[in-house]
Protein chains: 2
Amino acid sequence: MAEQVATNIHWHEGEITRAEREKNMGQQGVTIWMTGLSGSGKSTIAVALEQVIAQRGRHAYRLDGDNVRHGLNKNLGFSADDRAENIRRIGEVTRLFADAGIISITSFISPYRADRDLARALHAENELPFLEVYVDAPLDVAESRDPKGLYKKARAGEIKGFTGIDDPYEAPEAAELHLRTDKLSVGDSVQKILDLLGTRGILPA
Amino acid sequence: MAEQVATNIHWHEGEITRAEREKNMGQQGVTIWMTGLSGSGKSTIAVALEQVIAQRGRHAYRLDGDNVRHGLNKNLGFSADDRAENIRRIGEVTRLFADAGIISITSFISPYRADRDLARALHAENELPFLEVYVDAPLDVAESRDPKGLYKKARAGEIKGFTGIDDPYEAPEAAELHLRTDKLSVGDSVQKILDLLGTRGILPA
C-alpha cells in the first residue's frame with residue numbers, strides 16, 4: 001500500500017458497484033424507451049421530459065436519430081438486419097447508461113416487437129429498469145403532423161419501407177405506459193412519465 | 001401553452017444544451033482513453049481512478065472488455081476490420097458519455113494509431129475533451145505480469161494476432177499523458193491523471 005502514502009489518495013480493492021455509483025449520482029439509472037410512429041410525438045415528449053428532469057437536479061440524456069444514426073450507427077442502412085442491429089446497439093448503449101446511473105430517454109420508431117424485447121432483455125440481464133412507453137397517435141394524426149415531410153415522400157414512393165405506410169408497426173402489448181398523443185397534451189404526457197418514475201421509486205415527485 | 005397550466009410543469013422551446021447538462025451535473029464530460037499492452041496496468045489504474053473520482057462526488061464510468069466486448073461489440077471478432085469497428089464504436093459511445101457530462105474511462109489495448117485518432121476526431125467534432133493516456137510497460141514487464149495468462153497462450157501459439165507478440169502495438173506519439181507503469185505505482189499513475197484533469201480545468205484538485 002506504499003502508493004497510498006506516496007500520493008495521499010486511497011481506494012479499496014475491487015470495482016465500484018452500481019449501487020455506489022447510484023448513491024453518488026443521487027438517482028437510479030433507468031431506460032425510458034419510447035416507441036411509436038414517425039410524428040407520434042416521441043421527440044417532443046423526450047425534449048420536454050429531459051428538461052423537467054434537469055430542473056429537478058437529476059441527470060438525463062436523450063438518444064435519438066441525430067446523435068445515434070449519424071454516429072454509432074452511421075454504418076447501418078435500413079435492411080431488416082440493419083434495423084435490428086440499429087436497435088440492438090441502442091439497447092446496449094442504454095444498458096451502459098443505465099448502469100452508469102443515468103436516466104436515458106430514447107426516441108426511435110423501433111417498430112418491431114422482437115427488437116424492443118431484446119433491448120428489454122439486455123436490461124433484465126443486469127436487473128436494470130426498462131420502461132417501454134408507447135407513444136401512440138393514429139396514423140392519420142401522425143401523418144397530418146408529418147414534421148419532417150417523410151409521410152409525403154413515402155406516399156409519393158420516394159421512401160420505401162416507411163413504417164405505417166409500407167412497413168408494419170408492431171404495437172406494444174405490455175408497455176409500461178401507453179400515451180395517446182392525439183388526446184393528451186405534451187405536458188400531460190410528460191407528467192404521466194414522471195408519475196411512472198415516481199411510482200417505481202426512480203424519481204420522487 | 002395549456003399543458004403547462006394543466007400539469008404544473010414547465011419547459012422552454014428547444015433542446016437542453018450540453019452546457020446546461022454539465023452545470024446540472026457539476027462537472028464537465030471527458031473521455032480518458034487509456035491505451036497500452038495487455039498487462040500494462042490499464043484496468044488497475046481505471047478501477048482506482050473511478051473510485052477516487054467518486055470519492056470527490058464526481059461521476060465516472062468505466063468501459064472495458066467486460067461491459068463492451070460482451071455487449072455492444074459481441075458481434076465483432078478480431079479481424080482487422082472488426083478491430084477497427086470495435087474501437088470506432090467505443091469512440092462513439094464515449095462521445096455520447098462525454099456529451100452527457102460523464103467522465104468515461106476506457107481501458108482497451110487499442111493498438112492502432114489510426115483507430116485512436118478516429119476516436120479523438122469524433123470528440124473534436126463536438127469540441128469534447130479527449131485525453132489519451134499511454135499506459136506503458138515494457139513488453140517483458142507486461143508479459144511477466146500476464147494477469148490473464150494470455151501471453152503464455154500467445155507464446156504457445158494458442159492465440160493468434162496477440163498484440164506485442166505477433167501483432168504490432170503502435171505507441172502514441174502525442175498522448176496527453178505517458179505513464180511508465182514499471183516505474184510508477186498505481187497511486188502515482190492515478191495522481192498524474194488527476195493532475196492532468198486539474199490542469200485542464202475538468203476536475204479541480
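The sections below set out a description of the structure shown in this document. Model, not experiment: these values are computed from the prediction. (Residues numbered from 1 in each chain as written. Chains lettered and ligands numbered in written order. Predicted model: local features only at pLDDT ≥ 70, side-chain atom pairs only at ≥ 80, totals over all residues. Heavy atoms only, no water.)

As a further point, take the packing of aromatic side chains. Scanning the model with the defined rule gives nine aromatic pairs over all chains in all. Each ring, one from Trp33 of chain B and one from Phe130 of chain B, has its centre 5.7 Å from the other, and the planes form 35 degrees; the classification is tilted. Residue Trp33 of chain B is located in strand 1 (residues 30-35), and its partner Phe130 of chain B is located in strand 4 (residues 130-136); the two are separated by 97 residues in the primary sequence. The buried category is assigned to Phe130 of chain B, whose relative accessible area is 6%. Ring plane angle 80 degrees and centroid distance 5.1 Å describe the contact between Tyr151 of chain B and Phe162 of chain B, whose orientation is recorded as edge-to-face. With Tyr151 of chain B in helix 8 (residues 150-155) and Phe162 of chain B in the loop between helix 8 and strand 5 (177-180), the pair connects residues that are 11 residues apart, well separated along the chain. This pair shows no difference in class: Tyr151 of chain B is buried, exactly as Phe162 of chain B is. Through successive ring pairs, a cluster of aromatic residues spans Tyr61 and Phe97 of chain A together with Tyr61 and Phe97 of chain B. The residue whose ring lies beneath Arg69 of chain A is Phe78 of chain A, and the NZ or CZ to ring-centre distance is 4.2 Å. (Phe/Tyr/Trp six-rings, centres within 6.5 Å; stacked < 30°, edge-to-face > 60°. Helix = DSSP H or I, 4+ residues; strand = E, 2+ residues; numbered from the N terminus. Buried < 20%, exposed > 50% of the residue type's maximum accessible area, 1.4 Å probe, protein only. Lys NZ or Arg CZ within 6 Å of the ring centre and 35° of its normal.)

With that settled, the discussion passes to the nonpolar core. The nonpolar side chains of a soluble globular protein tend to be buried, and buried together. Among the nonpolar cores identified, the biggest contains 32 residues, and Val93 and Phe97 of chain A together with Val93 and Phe97 of chain B are the most heavily contacted of them. Secondary structure elements with two or more residues in this core: strand 2 (60-63), helix 4 (65-72) and helix 5 (80-99) of chain A together with strand 2 (60-63), helix 4 (65-72) and helix 5 (80-99) of chain B. Setting aside its immediate chain neighbours within four residues, Phe97 of chain B contacts Leu96, Phe97 and Ala100 of chain A together with Tyr61, Ile102 and Ser104 of chain B. (Core = buried A, V, L, I, M, F, W, Y, C linked by side-chain atoms within 4.5 Å. Contact = heavy atoms within 4.5 Å.)

Take the sheet that holds strand 5 of chain B next. Strands in a sheet are paired, the pairing made by backbone hydrogen bonds, and the direction either parallel or antiparallel. All names here are of chain B. Read from one edge of the open sheet, five strands run 2-3-1-4-5, paired in parallel fashion. Of all the strands in the sheet, the pair left with one neighbour each is strand 2 and strand 5. Neighbouring strand axes in the sheet, compared pairwise and without regard to direction, differ in orientation by 20 degrees on average. Where strand 4 meets strand 5, four bridges bridge the pair, whose relative direction is parallel. Paired with Val133 across the bridge in strand 5 is Leu177. (Pairing = 2+ DSSP bridges. Axes fitted to C-alpha atoms, helices over the stretch in contact; angles between N-to-C directions.)

Attention shifts here to the interface of chain B and chain A. Taken residue by residue, the interface counts 53 residues in chain B and 53 residues in chain A. Both sides of the chain B and chain A interface together cover about 4,300 Å² of buried area, and 59% of this is carbon and sulfur. Along the contact surface separating chain B from chain A lie eight salt bridges. In this assembly, chain B and chain A are joined by 22 residue pairs in polar contact (both at pLDDT 80 or more). When contributions to the side of chain B that touches chain A are tallied by element, the ones reaching two or more residues are helix 1 (2-7), helix 2 (18-25), helix 3 (42-55), strand 2, helix 4, helix 5 and helix 9 (186-199) of chain B. Broken down by element, the side of chain B that touches chain A gets its largest block of residues, nine residues, from helix 5 of chain B. In terms of residue class, the side of chain B that touches chain A is built from 22 nonpolar, 16 polar and 15 charged. (Buried area = accessible area lost by both parts, 1.4 Å probe. Salt bridge = Lys/Arg side-chain N within 4 Å of Asp/Glu carboxyl O. Polar contact = N/O pair within 3.5 Å; in protein donor to acceptor, adjacent residues only side chain to side chain. Nonpolar A, V, L, I, M, F, W, Y, C, P; charged D, E, K, R; others polar.)

All names here are of chain B. Going through the model one piece at a time under the given rule, you end up with 40 salt bridges over all chains. Of the charged contacts in the structure, one is a salt bridge between Glu85 and Arg89, with a shortest N-O distance of 2.7 Å. One end of the pair, Glu85, and the other, Arg89, are both in helix 5, four residues apart, so they sit about a helical turn from each other. Residue classification places Arg89 among the buried residues on the basis of a relative accessible area of 3%. Arg88 is paired through a salt bridge with Glu92; the nearest N and O atoms lie 3.7 Å apart. One end of the pair, Arg88, and the other, Glu92, are both in helix 5, four residues apart, so they sit about a helical turn from each other. The same class applies to Arg88 as to Glu92, namely buried.

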